[in-house]
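Remarks on the overall topology
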Amino acid sequence: MAWFKRKEKGIQTATEQKKDTPVGLWYKSPTGKIVEADELAKNFYVSPEDDYHVRIGSKEYFSILFDDNKFKELDPNLESKDPLHFVDTKKYSDRLKQAQEKTKLKDAVRTAVGKSKGRNLVIACMDFSFIGGSMGSVVGEKIARAIDYSIKKKIPFMMISKSGGARMMEAALSLMQLAKTSAKLAQLSELGIPYISLCTDPTTGGTTASYAMLGDINIAEPGALIGFAGPRVVKEATGKDLPEDFQTSEFLLEHGFLDFIVHRKDLKNKVNLYIDLIQNQAVRAS
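It should be emphasised that the depicted structure is a prediction, and the values quoted were computed from it without experimental measurement.

1. Description of helix H3 (residues 92-103)
For H3, which comprises 12 residues, the first-to-last C-alpha distance of 16 Å matches the rise-based estimate of 16 Å (1.5 Å per residue) to within 8%. What H3 keeps buried is the set Tyr92, Leu96, Ala99, Gln100 and Thr103. On an axial view of H3, the arc spanned by its buried residues comes to 100°, and they lie on one face. In H3, the exposed positions angled more than 90 degrees off the buried face are occupied by Lys97 and Lys102.

What follows is the structure, encoded as structure tokens:
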């Protein structure tokens, strides 16, 4: 009867023969679907089981949008300081250092220029993994410099937002970035250079209140959370129950805040189509 009954109790595998499961081998979506990490990457980081768009960062977006993943990063060494000597549960300077070590990023945005479908495009992409994608002085400065590059070279500009809002550890210095980036985008508009804004999950707070909603065309990924204040705050302020899909990209599209919702697999083609149409030039083949 030993063929179905364990003869010896406990696991007998020697310690040196035990194998660890590689980190990131599987991904579980919020709906409970399981997908292999390699399959997820091949599918533009969208779960093939339920079409859920997994949160990704600048590394992944650059690989999707730039031809052959070739680009030149702009201002790669710009880092935040701690001018207010801010302390909450820990020093802001320590928080910055830990975030840099953990993410291998300098701050919450990376900017780059490269070819997308054969033509130059400047992209500023936020990274939520760096202090919640919060918008501090360096984030605003890098976006402003990227827009300056677009103006100088007359290259279309794309902003990919993914943020929890302004960086509280920089107080008013953070809030000033709303005005600075908005002013730079006004200069871009005056020169007729296209600006495409992509809102991803989540796009909230001061980011939404500034550059995320100022595009010539405002687009979003399916199911993205987009709003200024969180649903709880809005409910308390209005005293009303909110719709089930409140602050999703689908809700905003229905109410006129977005122009289109774009599936990630179509992102590169759609962005360049919009640019061609805005510039009244021949549409590039898909």
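That covers the picture; the talk isn't over yet.
2. Description of a negative patch on the surface
Negative charge collects at one region of the surface, where Glu36, Asp38, Glu39 and Glu49 lie side by side. Counting through the fold element by element, Glu49 comes out in the loop between helix H1 (37-42) and helix H2 (58-65). A relative accessible area of 52% places Glu49 in the exposed class.

3. Let's talk about H2
Burial of H2 is extensive: 6 of the 8 residues sit out of reach of the surface. If you check which residues of H2 are buried, you get Ser58, Glu60, Tyr61, Phe62, Ile64 and Leu65.

4. Things to note about the pairing of strand E5 (residues 119-126)
Side chains on a regular strand alternate between the two faces of the sheet. Summarising burial for E5: 6 of the 8 residues are buried, a large majority. Two elements, E5 and strand E6 (residues 157-163), share 4 bridges in a ladder whose sense is parallel. Counterpart to Ala124 in the pairing with E6 is Met159. For the handedness criterion, the β-α-β arrangement of E5, helix H4 (residues 137-153) and E6 is classed as right-handed.

5. Description of the nonpolar core
One recurring pattern in soluble globular proteins: nonpolar side chains tend to sit buried together. Within the largest apolar cluster, 28 residues are counted, with the highest numbers of intra-cluster contacts made by Val139, Ile143, Phe157, Met159, Leu188 and Tyr211. If you list the elements that add at least two residues to this core, you get H3, strand E4 (109-116), E5, H4, E6 and helix H5 (171-190). Broken down by element, this core gets its largest block of residues, 5 residues, from H4. The contacts of Phe157, once residues within four sequence positions are left out, are Leu121, Val122, Ala124, Ile143, Ala146, Ile147, Ser150, Leu185, Leu188, Pro194, Tyr195 and Ile196. Of all hydrophobic cores here, the second largest spans 21 residues; its members include Phe66, Ile196, Tyr274 and Ile275.

6. A look at the pattern of salt bridges
In the structure shown here, the tally under the stated rule is 16 salt bridges. Where Glu221 meets Arg264, a salt bridge forms, and the shortest distance between an N and an O atom there is 2.9 Å. Taken together, the residues span a long stretch of sequence, with Glu221 in the loop between strand E8 (217-220) and strand E9 (226-227) and Arg264 in the loop between strand E10 (260-261) and helix H8 (267-278) at a distance of 43 residues. For Glu221, a relative accessible area of 3% puts it in the buried group. Given a relative accessible area of 1%, Arg264 falls into the buried group.

7. As for the confidence of the model for the protein
Looking at the protein, the pLDDT average stands at 91 and 92% of residues meet or exceed 70. In this model, residues 18-22 is a region of pLDDT below 50 whose contacts with residues beyond four sequence positions or in other chains number 1 contact.

8. Regarding the pairing of strand E7 (residues 195-204)
Taken across its 10 residues, E7 has 10 buried, putting it largely inside the fold. One ladder, built from 6 bridges, connects E6 with E7; its direction is parallel. In the sheet register, Ile160 faces E7, and the bridge partner there is Leu198. The parallel pair E6 and E7 is bridged by H5, and the resulting crossover is right-handed. With 4 bridges connecting them, E7 and E8 associate as parallel partners. The residue of E8 that forms the bridge with Cys199 is Ala220. Bridge analysis of E7 against E9 gives 2 bridges, and the strand direction is parallel.

9. Considerations on the state of the cysteines
Here, disulfide denotes a covalent bond that connects the sulfur atoms of two cysteines. What the rule picks out here adds up to 0 disulfides. Cys125 takes part in no disulfide bond, and the closest cysteine sulfur, belonging to Cys199, lies 12 Å away. For Cys125, a relative accessible area of 0% corresponds to the buried category. Note on Cys199: relative accessible area 0%, which makes it buried.

10. Notes on a nonpolar patch on the surface
Taken together, the side chains of Leu25, Trp26 and Ile34 make up a nonpolar region of the molecular surface, amounting to roughly 310 Å² of accessible area. Secondary-structure assignment places Leu25 in the segment before strand E1 (26-28).

Here is what the cut-offs are and how they apply
Per chain, the residues get numbers from 1 upward, laid out in the order the sequence is written. A pLDDT threshold of at least 70 governs which residues receive local features in this predicted model, and a stricter bar of 80 or more applies before side-chain atom pairs are shown or counted, although totals over entire chains, interfaces and linings include all residues. Values shown for side chains rest on all heavy atoms present in the structure; no hydrogens or waters enter the calculation. Only runs of H or I of at least four residues qualify as helices and only runs of E of at least two qualify as strands under DSSP, and these elements are numbered from the N terminus. Under the convention used throughout, the expected extent of a helix is 1.5 Å for every residue step, that is, one less than its residue count. Three exposure classes are used, based on accessible area relative to the maximum for each residue type with a 1.4 Å probe and protein chains only: buried under 20%, partly exposed in between, and exposed over 50%. Here the arc refers to the set of directions running from the helix axis out to each C-beta atom. Every patch collects residues that have over 30% relative accessible area and no salt bridge, joining them within 9 Å if they carry like charges and within 5 Å if they are nonpolar side chains (Val, Leu, Ile, Met, Phe, Trp, Tyr). In this description, accessible areas are obtained by the Shrake-Rupley approach with a 1.4 Å probe, and a residue is regarded as covered only by the protein chains that are shown. Here a salt bridge means any side-chain nitrogen of Lys or Arg lying within 4 Å of a carboxyl oxygen belonging to Asp or Glu. Only four residue types enter the tally: Lys and Arg on the positive side, Asp and Glu on the negative side; His and the chain ends are excluded. By convention, charge coordinates are those of NZ in Lys, CZ in Arg, CG in Asp, or CD in Glu. Any two strands are treated as partners once DSSP identifies two or more bridges connecting them. With its strands directed away from the observer, a crossover is right-handed exactly when the path from the first strand over the helix to the second travels clockwise. Residues belong to a common nonpolar core when they are buried Ala, Val, Leu, Ile, Met, Phe, Trp, Tyr or Cys residues joined through side-chain atoms within 4.5 Å. Contacts are residue-level and defined by heavy atoms, with any inter-residue pair within 4.5 Å sufficient. Across the chain, each position has a pLDDT score giving the predictor's confidence in that residue, from 0 to 100. Two cysteine sulfur atoms make up a disulfide if the distance between them is within 2.5 Å.

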